[in-house]
Amino acid sequence: MVSEESLILCFSNLGCDVSDKSVVDKCLQLCHTYDIDEETFMELWVAYTVPHSLDIDPTIDDLNKFEVEELKKKNENPLDHAYTISNIKTNIQVNQEIFDNVLDLYSTGESSTLQQTKRARSPEETENDNKLRAVDQTFTPSTYTTKLNTPNRAPSTTVRGKVLLYFGPDIKSWKKENEYDVSIVKTDNPHVPKDAVYMYEILSKQGAVLRSRCESFGARLCHIWNDMMGPSKSSIRYVRNVQSISQRAFRTWGRIFTKTDKSAGSKVVMLEGCKRPKGSNSSPLVRLDLSGIKHYSVFPGQVIAVEGINTSGDTLVAKELFVKGYALLSDAPKLSEDIRVYVAVGPFTPFDNLNYQPLWDLMERVAEDEPNVLILIGPFVEYTHPEIKKGTLKDTFQDFFEKIVAKILQQLQGKSTRVVLVPSNRDAHNDAIFPTPEFIMNTNKLGSNVANLYSMPDPCIINVEGLQIGITSVDILRHLGQQEVSNTSGMDRLGRLANHVLSQATFYPSYPPFPGLNLDTTLWKKYACFEQQPHIMILPSDIKHYCKVVNESLVFNPERLQKYIYAKLCIRPVSSGKWDPNNVSCEIAKV
């Protein structure tokens, strides 16, 4: 039975504020009425809020709409809808249309045909701050026919520019104050090339790549751990075989693997070793008993070092875990003046139209403030968008994307702002693989301002006057949050999830990959890991926005521009030659 405490915990794990008792009571009522547990309720709620551009913090009005549009419909026709575990789960209507569409037969499974209906708003309703306003038809390419009376979810004039989160020293103005002409290049960290070959992996090769990564990173963990312990524990024995039987404590390393114990209804944590026993074709596997550790947080794919005892060969009783495999900190940037960086993450248009109104509203702000750098992270043309799936466009996805980019550059004509484009594996016109090669564009179609455009792969680390910014489009925090096994009550969950990324020195430490993410393990090992930790990490997510300092890096989530939310950074020159992330100003606000 769903309890108030467990429901509040689920909300807090997503960074939601549910201090209103009436909201909690309403959620409990819905769980009991429709016979769903708290985890299922949270999955359905997040899946509803994202395409509807709602705040993830629940309100009574939004919960009532959620009940009418989702729960009642699902209860009446339970066979008409299937729900995936992705945070952007959409209703999948099982009908002949899906089987007639060849592309749907090869879908990755994150979502399928999405049908949403919204009533048109009357003119009188525009006076209410909570109502939708008529859309300004500013983007109507000949390849797309706009709908009449399409609602727009832009914030009202009283909400526009509202600061949702502020971090760091105060800043007087975000407008351009100097003519600092910044340079942007990729760092020396390997980046996936444009002509990357993928989908040629076989299982044995995947296994070899994972074992190699586990072997090298695990040995590094043990080396760091040994140096930190000092001479007092220098005599402790290190072994590579996790199945070694010993009544004395020893240290080993391996990759976390979890499986579900159906009888107990809980997850069992296993440790997979790197060294295969002679004559065996599989890696050794032992159960990891964590009952003796006060605080822990592990997830599938995590490489850890562990100290423990294994008296039977099949269970390793852990006494201590070590996971701090941070990459070396990057050298301090040599900035001569403040630089301003604006960041926005797709989708860039609401779920029921392709007008891209949030993007054009943002570009008005960018053109006015003229920051040094504008970072736009995909998806730009999301393959799950209903209008894309229905074939509304009369042109290719590539041509449509280039028209969007051309308009972005047109609005910045005569400005010094550099535009950085980072793709997503969910872009319909780009490779549906992770790591994702950069966009290939016909520059002749983009106008005269193309010199200020920089196309980067996903993930990437860019160098802006010595300032290293790590970027990915994948929602790794949500993936980790739904798979981790932890005993860390009362601790900062968002900070802990971000710390997993840095401590594993890779943009995607989880394995197996989340359903719907086409991860190429060979490309991942080459291009999704980093030897130097960036000064700033951009980790977009559907969970609530945040900005935190984690192991001397500033890590933040700007949420989605579909919800009219973006981020602004002001990075100041370092003092005393040392990088200080607390000296960066970060503002996450409504457009």
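Refer to the preceding data block for the structure.
Worth saying up front: this structure is predicted, and the values here are computed from it rather than measured.

A. Looking closely at the packing of helix H11 (residues 476-483) against helix H12 (residues 493-503). Viewed as axis vectors pointing N to C, H11 and H12 meet at an angle of 105°, and their least axial separation amounts to 10 Å. Comparing the axis directions of H11 and H12 gives the class roughly perpendicular. Here Ile476, Leu477, Leu480, Gly481 and Gln482 of H11 come into contact with H12, specifically with Arg493, Leu497, Ala498, His500 and Val501. Broken down by class, the residue content of the contact of H11 with H12 amounts to 6 nonpolar, 3 polar and 1 charged.

B. A look at helix H10 (residues 397-411). For H10, built from 15 residues, the straight-helix expectation of 21 Å at 1.5 Å per residue is met to within 8% by its first-to-last C-alpha distance of 22 Å. Phe400, Phe401, Glu402, Ile404, Val405, Ala406, Lys407, Ile408 and Leu409 are the residues of H10 that are buried. Taken together, the buried residues of H10 touch helix H8 (357-369), strand E14 (373-377), strand E15 (418-422) and strand E16 (453-455).

C. Region of interest: the nonpolar core. In this structure, Phe11, Phe41 and Phe66 are the most contacted members of the largest nonpolar core, which totals 66 residues. Beyond its immediate sequence surroundings of up to four residues, phenylalanine 66 is in contact with Leu30, Phe41, Leu44, Trp45, Tyr48 and Leu71. Membership of the second largest hydrophobic core comes to 38 residues, among which are Tyr342, Ile388, Leu393 and Val591.

D. Expanded view of the pattern of salt bridges. Tallying each qualifying case throughout the model produces 31 salt bridges. For aspartate 475, the salt bridge is made with arginine 560, and the minimal N-O distance between the two is 4.0 Å. In this pair, aspartate 475 sits in the loop between strand E18 (467-471) and H11 while arginine 560 sits in the loop between strand E23 (553-557) and strand E24 (565-571), placing the two residues 85 residues apart along the sequence. Arginine 560 carries the same exposure label as aspartate 475, and that label is buried. One salt-bridge network, held together by shared partners, links Lys175, Arg365, Glu368 and Asp369.

E. Spotlight on the packing of H8 against H10. Here H8 crosses H10 at 25°, and the two axes come no closer than 9 Å. Between H8 and H10, the angle falls in the class roughly parallel. Note on packing geometry: the crossing formed by H8 with H10 is right-handed. Every residue of H10 that contacts H8 at Leu359, Trp360, Met363, Glu364 and Ala367 is listed here: Ile404, Lys407, Ile408 and Gln411. Of the residues contributing to the contact of H8 with H10, the split by class is 6 nonpolar, 1 polar and 2 charged.

F. Local environment of the side chain of lysine 26. Within the fold, lysine 26 resides in helix H2 (residues 21-33). Here lysine 26 is in contact with Ile60, Leu63, Asn64 and Glu67, once residues within four sequence places are set aside.

G. Molecular detail of the sheet that holds E18. Read from one edge to the other, the open sheet built from 6 strands follows the order E4-E17-E18-E21-E23-E22, with strand pairing classed as mixed. The open sheet has two edge strands with one neighbour each: strand E4 (184-186) and strand E22 (546-550). With strand direction ignored, the average angle separating the axes of adjacent strands in the sheet is 25°. As paired strands, strand E17 (residues 460-464) and E18 are joined by 5 bridges and run antiparallel to one another. When the bridges of E18 are listed, valine 464 appears paired with leucine 467. With respect to the sheet, H12 is in contact with strand E21 (536-538), E22 and E23, its orientation differing from that of E22 by roughly 55°.

H. Examining the sheet that holds E16 more closely. Taken in spatial order, the 7 strands make up an open sheet running E3-E25-E24-E13-E14-E15-E16, and their pairing is mixed. Because the sheet does not close on itself, it has two edges, and the strands there are strand E3 (163-167) and E16. Taken pair by pair, the neighbouring strands of this sheet meet at an average axis angle of 15°, ignoring direction. Taken together, the 3 bridges between E15 and E16 define a ladder with parallel strand orientation. When the sheet's bridge partners are listed, valine 419 is paired in E16 with leucine 453. Packing against the sheet, H10 makes contact with E14, E15 and E16, and its axis sits at approximately 160° to E15.

I. How the structure looks around H11. Within H11, 7 of the 8 residues are buried, leaving the element largely enclosed by the surrounding structure. Taken together, the buried positions of H11 are Ile476, Leu477, Arg478, His479, Leu480, Gly481 and Gln483.

J. Spatial organisation of the packing of aromatic side chains. For the coordinates displayed, the defined rule picks out 14 aromatic pairs. Three or more aromatic residues joined by ring pairs form one cluster here, namely Phe41, Trp45, Tyr48 and Phe66. We note arginine 251 situated over the ring of tryptophan 225; from NZ or CZ to the ring centre the distance is 3.8 Å.

So, how was this worked out
- Residues numbered from 1 in each chain as written.
- Predicted model: local features only at pLDDT ≥ 70, side-chain atom pairs only at ≥ 80, totals over all residues.
- Heavy atoms only, no water.
- Axes fitted to C-alpha atoms, helices over the stretch in contact; angles between N-to-C directions.
- Helix = DSSP H or I, 4+ residues; strand = E, 2+ residues; numbered from the N terminus.
- Parallel < 35°, antiparallel > 145°, perpendicular 65-115°, else oblique.
- Contact = heavy atoms within 4.5 Å.
- Nonpolar A, V, L, I, M, F, W, Y, C, P; charged D, E, K, R; others polar.
- Expected span 1.5 Å × (residues − 1).
- Buried < 20%, exposed > 50% of the residue type's maximum accessible area, 1.4 Å probe, protein only.
- Core = buried A, V, L, I, M, F, W, Y, C linked by side-chain atoms within 4.5 Å.
- Salt bridge = Lys/Arg side-chain N within 4 Å of Asp/Glu carboxyl O.
- Left-handed = near helix turned anticlockwise from the far one by under 90°.
- Pairing = 2+ DSSP bridges.
- Phe/Tyr/Trp six-rings, centres within 6.5 Å; stacked < 30°, edge-to-face > 60°.
- Lys NZ or Arg CZ within 6 Å of the ring centre and 35° of its normal.

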